[in-house]
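Residues per chain are reported as follows:
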Amino acid sequence: MTDSIDVDIDILARTIYGEARGEGLEGMEAVACVVMNRYKSHKWFCGYVIKDGVKCPSIVQTCLKKFQFSCWNKNDPNLRKIKNVTPEDKIFKQCLQIARAAICGNLKDFTGGAVYYHTKAIKPKWAIGKTPCYEVKDHLFYKED
C-alpha cells in the first residue's frame, strides 16, 4: 500500500468516525459511500490536488473541503476527537476497515448514489423539497438533483 493510499484511508476513516461513529456499521458505511460518490463525481463538492499541473480528484481533499463535513470544521467539537483517536479505539478500527474497503472498491454503494446527508435533528435549506434516497438511524441521505 502506498503512502498516499494510507493517508486517504486515515482521513476517510477519521471523517467516518467524526460523522457517524454512533450510527453503527450501516451508518458509517453510508457516510463512506457519500465521500466516495463525491470523490468520483468530479463536481464542485469533490476536492482536488494539482499533480504535474493537472487538477486531480483527491479523497483527502474531498473529506477536508471547507464546510462539507462538519467534523473537520474548526469549531466543531468532533475535530479534537477525530484528530486524537487511535486505531486502539474499537470503532475507529472499524472505520479504518470501512475506509480501506471503500477505497479498494470493495464497498458497494447501497445509498443509491447519495452525495449529501444530514441528521434528522436538523433540516438544512438545501434539503427543503428533496426526498431522501436512503435513511439509516439518525441520518437522511440524498442524491444530487
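Refer to the preceding data block for the structure.
K.L.:
Would you mind going over unusual backbone geometry with me for this structure?
P.N.:
With the exception of glycine, most residues fall at negative phi, and the peptide bonds are largely trans. Backbone geometry places Asp52, a non-glycine residue, at a positive phi of 50°. Residue position: Asp52 is located in the loop between strand S1 (48-51) and strand S2 (54-57). Residues other than glycine seldom take positive phi values, yet Lys137 does so here, at roughly 45°. Structurally, Lys137 is set in the loop between strand S4 (134-136) and strand S5 (139-142).

K.L.:
What's the story with the sheet that holds strand S3 (residues 116-119) in this structure? I'm lost.
P.N.:
In sheet architecture, strand pairing relies on hydrogen bonds along the backbone and comes in two forms, parallel and antiparallel. Spatial strand order, S3-S5-S4: three strands in an open sheet with antiparallel pairing. Looking at strand neighbours, the two that pair on one side only are S3 and S4, the edges of this open sheet. Across the sheet, the mean angle separating the axes of adjacent strands is 20° when strand polarity is ignored.

Reading the values: the criteria
Residues numbered from 1 in each chain as written. Predicted model: local features only at pLDDT ≥ 70, side-chain atom pairs only at ≥ 80, totals over all residues. Heavy atoms only, no water. Helix = DSSP H or I, 4+ residues; strand = E, 2+ residues; numbered from the N terminus. Pairing = 2+ DSSP bridges. Axes fitted to C-alpha atoms, helices over the stretch in contact; angles between N-to-C directions.

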